[in-house]
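The primary structure of each chain is shown beneath.
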Amino acid sequence: MKNEQAGLYIHIPFCLSKCGYCSFYSIESVNLIPEFVSALKEEIKNYSNIFSLFDTIYFGGGTPSLLTPRQLAEILEAVNKYYKIDKNSEITLEANPGDISLQYLKELRGIGINRLNIGIQSFDDKILRFLGRRHSVKEAVAAIEAARQAGFNNMGIDLIYGVHGLGIKSWENTLQKAVSFAPEHISSYQLSLDIKTPLYKKYSSANWHLPDEKTELKLFLTTSEELESTGYIHYEVSNFARLDKFKSRHNQKYWRHVPYLGLGPAAHSLLNNKRWRNKALVKTYIKEIASGKMPVEGSEILSNEQLQLEAMFLGLRTKTGIDLKRYKTKYNIDLFAEKKTIIDALIKNKLVELKNGFLRPTRAGMAVADSLALI
Ligand code: SF4
């Protein structure tokens, strides 16, 4: 059965250089981009008997802004050829400030990209160097200004907090600077270090530490309070939108178990209770598609219990929270009745609240959202 209103994620697995903290899959060699684009166009075709309609498309990575507007247009043409794309679709591209000129951005608008997410990370050059970012603050500011000039009126910026030596004051300055550009969306991520990343090794060898729990909490609450005081809606643990209409429609699909198709190396997909993922290596991906295979590495069928636990985990990370009636219909569980004692205790401790049939985290609850889901 074909599916309705799904999201399409396209993974562009190339970066000019690896950031010190990054554990996403990408390669630094860009000479495979043309072959990759051809393979991707084949993969797009492969799912046309399973998915039919998308109303969000998200180019993530990696660094999608390493593709030329022509290459991106070819990908979108292939998507349009095999699927119906809602005329009000949200079409996002993640961009590195080091790549984007005004001309480039105008061309992106011309091919239908209507949402830009810029990886700013910090408004402090020292921090950018420390993180291994290849752009400067000057380039970040120029990218934001060029995006506005090119007509992007739905722009998000990503920031990182919790960097060693970055105190609350410095973080507040970064937030204020971010707000001064009035982006429609801000994602604020806490630095976390995978053991395999170069920055992890740097931290270990210099005996540096990520912030302790108390400082982490303070940074989180400061971010939430400061941004909400300037009118942003803190709608998910790491995400803020200026208005409801600027919440990432694509990412909300992940949090609500709405089906999504992930194309490109290492991309994940979900349809009903089946989740699958592609092989990560770019060369393998290209080779398998060229020989007529699906580059799928593995899949799993999620049980009702897995789905309901995930829905609880994801729901408690959002300001909307869990719609208890929908939850009961979908997973056949009366969450409130089953967990009444714990939920009452959480309400008493002001970590969650019950409003209009929704169980939702308070700001303090969002700060510990992952442990709330263990109820
Ligand atoms: S640009 Fe993004 S995907 Fe590439 S290395 Fe840096 S953080 Fe990772």
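What you see as residue numbers is a count from 1 along each chain, following the sequence as written. The model is predicted, so local features are restricted to residues of pLDDT at least 70 and side-chain atom pairs to those at 80 or more, both for listing and for counting; the totals for chains, interfaces and linings are taken over all residues.

Brief notes about the overall build of the chain
Here comes step 1: When helices and strands are counted, the chain shows 16 helices and 15 strands.
Here comes step 2: Scaling as 2.2 N^0.38, a compact globule of 375 residues should have a C-alpha radius of gyration of about 21 Å, and the chain matches this with 21 Å.
Here comes step 3: Looking at the chain as a whole, 38% of its 375 residues qualify as buried. Every helix listed is a DSSP run of H or I at least four residues long, and every strand listed is a run of E at least two residues long, numbered separately from the N terminus. Each radius of gyration is computed over the set of C-alpha atoms, and the globule rule expresses the reference value as 2.2 Å times the number of residues to the power 0.38. Burial in this document is a count-based property: other C-beta atoms within 10 Å of a residue's C-beta are tallied, and the residue is buried at 20 or more, exposed at 12 or fewer, or partly exposed in between, with C-beta positions derived from the backbone.

Details of the nonpolar core
Here comes step 1: In this usage, the nonpolar core is the set of buried Ala, Val, Leu, Ile, Met, Phe, Trp, Tyr and Cys residues whose C-beta atoms join them within 7 Å. Formed by 83 residues in total, the largest nonpolar core has its most connected members in Leu8, Ile10, Leu116, Ile118 and Ala147.
Here comes step 2: Domain assignment of the residues forming this core places at least three in each of domain 1 (6-255) and domain 2 (304-372).
Here comes step 3: Note that contacts rest on C-beta atoms placed from the backbone: two residues are in contact if these are within 7 Å. In this structure, leucine 8 is in contact with Phe54, Thr56, Ile57, Val79 and Leu261, ignoring residues within four places of it in sequence. An automatic or database domain assignment is the source of the domain bounds shown.

Quick word on unusual backbone geometry
Glycine aside, negative phi is the norm for most residues, and most peptide bonds take the trans geometry.
Here comes step 1: Cis geometry marks the peptide bond from glycine 61 to glycine 62; its omega dihedral reads 15 degrees.
Here comes step 2: Among the secondary structure elements, glycine 62 is positioned in the loop between β2 (53-61) and α2 (69-82).
Here comes step 3: Even without being a glycine, alanine 182 presents a positive backbone phi close to 45 degrees.
Here comes step 4: Among the secondary structure elements, alanine 182 is positioned in the loop between α6 (168-180) and β6 (185-190).
Here comes step 5: Positive phi outside glycine occurs at alanine 266, with the angle close to 70 degrees.
Here comes step 6: Relative to the helices and strands, alanine 266 resides in the loop between β9 (260-263) and β10 (268-271).
Here comes step 7: For alanine 266, a count of 20 C-beta atoms within 10 Å puts it in the buried group.

A look at the site of the ligand
Here comes step 1: Each residue receives a C-beta atom built from its backbone; the residue is near a molecule or strand if that atom lies within 6 Å of it. The environment of the ligand is made up of Cys15, Lys18, Cys19, Cys22, Phe24, Ser26, Gly61, Gly62, Thr63, Asn96 and Gly119.
Here comes step 2: Each residue receives one of three labels: charged for Asp, Glu, Lys and Arg, nonpolar for Ala, Val, Leu, Ile, Met, Phe, Trp, Tyr, Cys and Pro, and polar for the others, Gly being one of them. Class assignment of the residues belonging to the shell around the ligand gives a composition of four nonpolar, six polar and one charged.

A short note on the pairing of strand β11 (residues 274-278)
Here comes step 1: Strands are treated as partners if at least two bridges between them are detected by DSSP. Bridge count for β10 against β11 is four bridges, and the pairing is antiparallel. Note that in β11 the partner of leucine 271 across the bridge is lysine 274.
Here comes step 2: In this antiparallel pair of consecutive strands, β10 and β11, the connection spans two residues, and asparagine 272 shows a positive phi of 55 degrees.
Here comes step 3: Pairing geometry for β11 and strand β12 (residues 296-301), over five bridges, is antiparallel. Within the sheet, the bridge partner assigned to asparagine 278 lies in β12 and is valine 296.

Focus on the domain arrangement of the chain
Here comes step 1: Assigned domains of the chain: these are domain 1 (6-255) and domain 2 (304-372).
Here comes step 2: Distance between the C-alpha centres of domain 1 and domain 2: 28 Å.
Here comes step 3: With ten residues of domain 1 in contact, the opposing surface of domain 2 contributes eight residues.
Here comes step 4: Looking at the side of domain 1 that touches domain 2, the elements with two or more residues in it are α8 (213-229) and β7 (233-236).

What about the packing of helix α1 (residues 33-46) against α2?
Here comes step 1: Orientation of α1 relative to α2, taken along the N-to-C sense of each, is 15 degrees, at an axis distance of 9 Å. The orientation of α1 relative to α2 falls into the category roughly parallel. In this structure, α1 crosses over α2, and the sense of that crossing is right-handed. Between α1 and α2, the contacting residues are Val37, Leu40, Lys41, Ile44 and Lys45 on the first element and Gln71, Glu74, Ile75, Ala78, Val79 and Tyr82 on the second. Axis lines are fitted to C-alpha atoms, over the contacting stretch for helices. Their N-to-C directions set the angle, which ranges from 0 to 180 degrees. We call two directions roughly parallel when the angle between them is under 35 degrees, roughly antiparallel when it is over 145, roughly perpendicular when it lies between 65 and 115, and oblique otherwise. Helix crossings get a hand from a simple test, with the near helix turned counterclockwise from the far one by less than a right angle marking a left-handed crossing and a clockwise turn marking a right-handed one.

Examining the sheet that holds strand β14 (residues 352-355)
Here comes step 1: In spatial order, the strands read β13-β15-β14; together these three strands make up an open sheet with antiparallel pairing. Both edges of this open sheet fall to β13 (322-323) and β14, since each of them pairs with a single strand only.
Here comes step 2: As defined by bridge partners, β13 adjoins strand β15 (residues 358-361) across two bridges and the pair is classed as antiparallel. Bridge pairing in β15 places isoleucine 322 opposite leucine 359.
Here comes step 3: Strands in contact with helix α14 (residues 340-348) are β14 and β15; relative to β14, the strand with the most contacts, it is inclined by about 105 degrees.

Examining α1
Here comes step 1: Helices are assigned an expected span. That span is 1.5 Å times one less than the residue count. Relative to the 20 Å expected for 14 residues at 1.5 Å per residue, α1 spans 20 Å between its end C-alpha atoms, a close match to the ideal helical length.
Here comes step 2: Along α1, the residues classified as buried are Phe36, Ala39, Leu40, Glu43 and Ile44. Here the buried residues of α1 occupy an arc of 150 degrees about the axis, which is enough to place them on one side.
Here comes step 3: Against the buried residues of α1 lie α2, β9 and α10 (282-290). In this description, one arc is meant: the one made by directions from the helix axis to the C-beta atoms.

Some words on the pairing of β7
Here comes step 1: One ladder, built from three bridges, connects β7 with strand β8 (residues 239-241); its direction is antiparallel. Paired with glutamate 236 across the two strands is asparagine 239, which belongs to β8.
Here comes step 2: Joining the antiparallel neighbours β7 and β8 is a turn of two residues.

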